[in-house]
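Now for the letters of each chain:
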Amino acid sequence: SVAQALIISQFEAKVQWEADELAAAVGIDPATLSAKASVWVNGGILRKKVEKFGETSHQEEGKGTSGKPRVTYTLVEDVEDQVAKPHAHTKPDISVMSQEQQMEMNFKVYESYVMGMVTNLESLPLQKIHNMLKMFVLEPVYDKTIAELETFLAKLVNDGKLTFDGLVYRKNKRR
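Now for a look at the structure at hand.

Reading the values: the criteria
Residues numbered from 1 in each chain as written. Predicted model: local features only at pLDDT ≥ 70, side-chain atom pairs only at ≥ 80, totals over all residues. Heavy atoms only, no water. Helix = DSSP H or I, 4+ residues; strand = E, 2+ residues; numbered from the N terminus. Expected span 1.5 Å × (residues − 1). Buried < 20%, exposed > 50% of the residue type's maximum accessible area, 1.4 Å probe, protein only. Core = buried A, V, L, I, M, F, W, Y, C linked by side-chain atoms within 4.5 Å. Contact = heavy atoms within 4.5 Å. Pairing = 2+ DSSP bridges. Phe/Tyr/Trp six-rings, centres within 6.5 Å; stacked < 30°, edge-to-face > 60°. Axes fitted to C-alpha atoms, helices over the stretch in contact; angles between N-to-C directions. Parallel < 35°, antiparallel > 145°, perpendicular 65-115°, else oblique. Nonpolar A, V, L, I, M, F, W, Y, C, P; charged D, E, K, R; others polar.

In an α-helix, one full turn covers 3.6 residues, which means residues spaced three or four apart are oriented alike. Across its 23 residues, helix α5 (residues 99–121) extends 32 Å between first and last C-alpha, which sits within 8% of the 33 Å expected from 1.5 Å per residue. Taken together, the buried positions of α5 are occupied by M105, N106, F107, V109, Y110, E111, V114, M115, M117 and V118.

If you want it as structure tokens, here you go:
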């Protein structure tokens, strides 16, 4: 899935991530991260480590422990460790994802393209955004209608990510 690809691609930047930090980088919540990263953990590509914290007086400045476990994901760089797992290098089965989950992942990708376009080009009309998405989004294939895109962009406006003046969409600078 797109989320699984986004997760593994983050390990190009660094080989170890805290779960909350990785989830934020990918743009998903930690619970979804755990589910999506399990493909890579089960395949032996990533190693998941859970450290349980008790109540302690030696807390890091500004961070309370509140008994919440610390979860880290580490890239397994030793190929022999990866091959030792029976399901290593198997392709994830996206058929188990609901259609709604797949659409949500697709729209996350479309959102990143739209936000990039309005950041770089400042303002764009609906038709131009539609044409650019058809041209540049290859995976997942962009096959939405203008009406579906307009509904999606209206959601981004409602979420405060974009503004719309009746003609063009712009990045909301008040965020």
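Back to the write-up after that little detour.
Further remarks concern the nonpolar core. Of all hydrophobic cores here, the largest spans 23 residues; its most connected members are V114, I129, L133, L149, L153 and L162. No other element matches the eight residues that α5 contributes to this core. Core analysis: the second largest hydrophobic core is formed by 16 residues, A23, A37, V41 and V71 among them.

What follows is about the side chain of N106. Structurally, N106 can be placed in helix α5. You can call N106 buried: its relative accessible area is 19%. In contact with N106, not counting residues within four places along its chain, are V2 and P140.

Sheet faces and side chains relate simply in a regular strand, where the side chains alternate between the two faces. Pairing of strand β1 (residues 16–18) with strand β3 (residues 70–75) involves three bridges; the strand directions are antiparallel. Of the residues in β3, the one forming a bridge with Q16 is T74.

This brings us to the side chain of Q10. Along the chain, Q10 falls in the loop between α1 (2–9) and β1. Assessed through its relative accessible area of 18%, Q10 is described here as buried. Setting aside chain neighbours within four positions, we find Q10 in contact with W17, L22, A25 and V26.

Quick look at the packing of aromatic side chains now. Given two aromatic rings, one states the distance between the centres and the angle between the planes to describe the pair. In total, this model carries four aromatic pairs according to the counting rule given. Between the aromatic rings of F107 and Y110, the centroid separation amounts to 5.4 Å while the plane-to-plane angle is 90°, which identifies the pairing as edge-to-face. Of this pair, F107 and Y110 both sit in helix α5, three residues apart, which is roughly one turn of that helix. Both residues of the pair, F107 and Y110, belong to the buried class.

Along the chain, W40 turns up in helix α3 (residues 30–42). With 36 residues separating them in the primary sequence, W40 and Q4 have C-alpha atoms 8.0 Å apart. Those residues in contact with W40 that sit more than four places away from it in its chain are Q4, I7, I8, I45 and L46.

What follows is about the packing of α5 against helix α7 (residues 146–158). Put simply, α5 and α7 touch, their axes get as near as 12 Å, and they point 70° apart. It follows from the interaxial angle that α5 and α7 lie roughly perpendicular. For the pair α5 and α7, the contacting residues are F107, Y110, E111 and V114 in the first and F152, L153 and L156 in the second. Considering only residue class, the contact of α5 with α7 consists of six nonpolar, no polar and one charged.

Looking now at the sheet that holds strand β5 (residues 162–164). Taken together, three strands build an open sheet; the order of strands is β4-β6-β5 and the sheet is antiparallel. Strands with a single pairing partner mark the edges of an open sheet, and in this sheet they are β4 (123–124) and β5. One ladder, built from two bridges, connects β4 with strand β6 (residues 169–171); its direction is antiparallel. Its bridge partner being in β6, S123 is matched across the sheet by R170. Sitting on the sheet, α7 is in contact with β5 and β6, with an inclination near 115° to β5.

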